[in-house]
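Residues per chain are reported as follows:
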Amino acid sequence: QRRAAETPAPAPRRRRLLYFTAAWCPTCRVNEPTFAALAGRGWSIGSGEENHVQTVDLDARTDLRTRYGIDAVPAWVLIDGDRELRRRYGPLDPF
């Protein structure tokens, strides 16, 4: 039998909120106060995978657009690693 100390730890889960947006989307601008509120609570926001909220330009990242089947913006996709947990379209008020 393996002792607990010898058992490798599972890979950490990484929850991230993908925010699909586009420069031509007027509704997407409504979410700017939401980002300010999240940043004020310590959330990191940016285009990299290391951020809590990853902004995804719909026109520039066609790979992610196709992968998640996004057909409208703004779109929010909560993921854990590569697994989708939840999805929502439109403005978001997280509080």
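This section reports on the structure supplied with the text. Please read these numbers as outputs of a predicted model, since none were measured by experiment.

1. A look at the packing of aromatic side chains
Okay, so step 1: By the definition in use, this model includes 4 aromatic pairs.
Okay, so step 2: Ring geometry for F35 versus W76: centroids 5.9 Å apart, planes at 35 degrees, classification tilted. One end of the pair, F35, is in helix α1 (residues 32-40); the other, W76, is in strand β4 (residues 75-80), with 41 residues separating them in the sequence.
Okay, so step 3: On the basis of relative accessibility, which here comes to 14%, the residue F35 falls in the buried class.
Okay, so step 4: Taken together, the ring pairs connect Y19, F35 and W76 into an aromatic cluster.

2. Quick word on the sheet that holds strand β5 (residues 83-89)
Okay, so step 1: The strand order across the open sheet built from 5 strands is β2-β3-β1-β4-β5, with neighbouring strands paired in mixed fashion. Only two strands of the sheet have a single partner each, and these edge strands are β2 (45-46) and β5.
Okay, so step 2: Sheet topology places β2 next to strand β3 (residues 53-57); 2 bridges connect them, and they run parallel. Its bridge partner lying in β3, G46 is registered against Q54.

3. Here we look at α1
Given 3.6 residues per helical turn, the α-helix brings residues three or four places apart onto the same face.
Okay, so step 1: Among all positions in α1, only T34, F35 and L38 are buried. Each buried residue of α1 lies within a common arc of 100 degrees when the element is viewed along its axis, so the set occupies one face. Away from its buried face by more than 90 degrees, α1 exposes E32, P33, A36 and G40.
Okay, so step 2: Those residues of α1 hidden inside the fold are in contact with β1 (15-21), β2, β3 and β4.
Okay, so step 3: Downstream of α1 by one or two residues, G42 has phi in the positive range, about 95 degrees.

4. Topic: the nonpolar core
Okay, so step 1: Grouped together as the largest cluster of nonpolar side chains are 21 residues, with contacts concentrated most on L18, F20, Y68, I70, V73 and V77.
Okay, so step 2: Sorting the residues of this core by element identifies β1, α1, β3, α2 (62-68) and β4 as the ones contributing at least two each.
Okay, so step 3: Apart from residues no more than four positions distant in its own chain, L18 is found in contact with Q54, V56, Y68, A75, W76, V77 and I79.

5. Remarks on the pattern of salt bridges
Once the charged atoms of two side chains with opposite charge are near each other, the side chains can pair.
Okay, so step 1: Throughout the structure, instances matching the rule amount to 2 salt bridges.
Okay, so step 2: Residue D63 is joined to R61 by a salt bridge in which the shortest nitrogen-to-oxygen separation is 2.9 Å.
Okay, so step 3: Residue D63 is classed as partly exposed on the basis of its relative accessible area, which comes to 45%.
Okay, so step 4: What makes R61 partly exposed here is its relative accessible area of 31%.
Okay, so step 5: A salt bridge links R87 to E84; its shortest N-O distance comes to 2.9 Å.
Okay, so step 6: Note on R87: relative accessible area 28%, which makes it partly exposed.

What counts as what
Residues numbered from 1 in each chain as written. Predicted model: local features only at pLDDT ≥ 70, side-chain atom pairs only at ≥ 80, totals over all residues. Heavy atoms only, no water. Phe/Tyr/Trp six-rings, centres within 6.5 Å; stacked < 30°, edge-to-face > 60°. Helix = DSSP H or I, 4+ residues; strand = E, 2+ residues; numbered from the N terminus. Buried < 20%, exposed > 50% of the residue type's maximum accessible area, 1.4 Å probe, protein only. Pairing = 2+ DSSP bridges. Arc of directions from axis to C-beta. Contact = heavy atoms within 4.5 Å. Core = buried A, V, L, I, M, F, W, Y, C linked by side-chain atoms within 4.5 Å. Salt bridge = Lys/Arg side-chain N within 4 Å of Asp/Glu carboxyl O.

The analysis is restricted to geometry; functional conclusions fall outside its scope.
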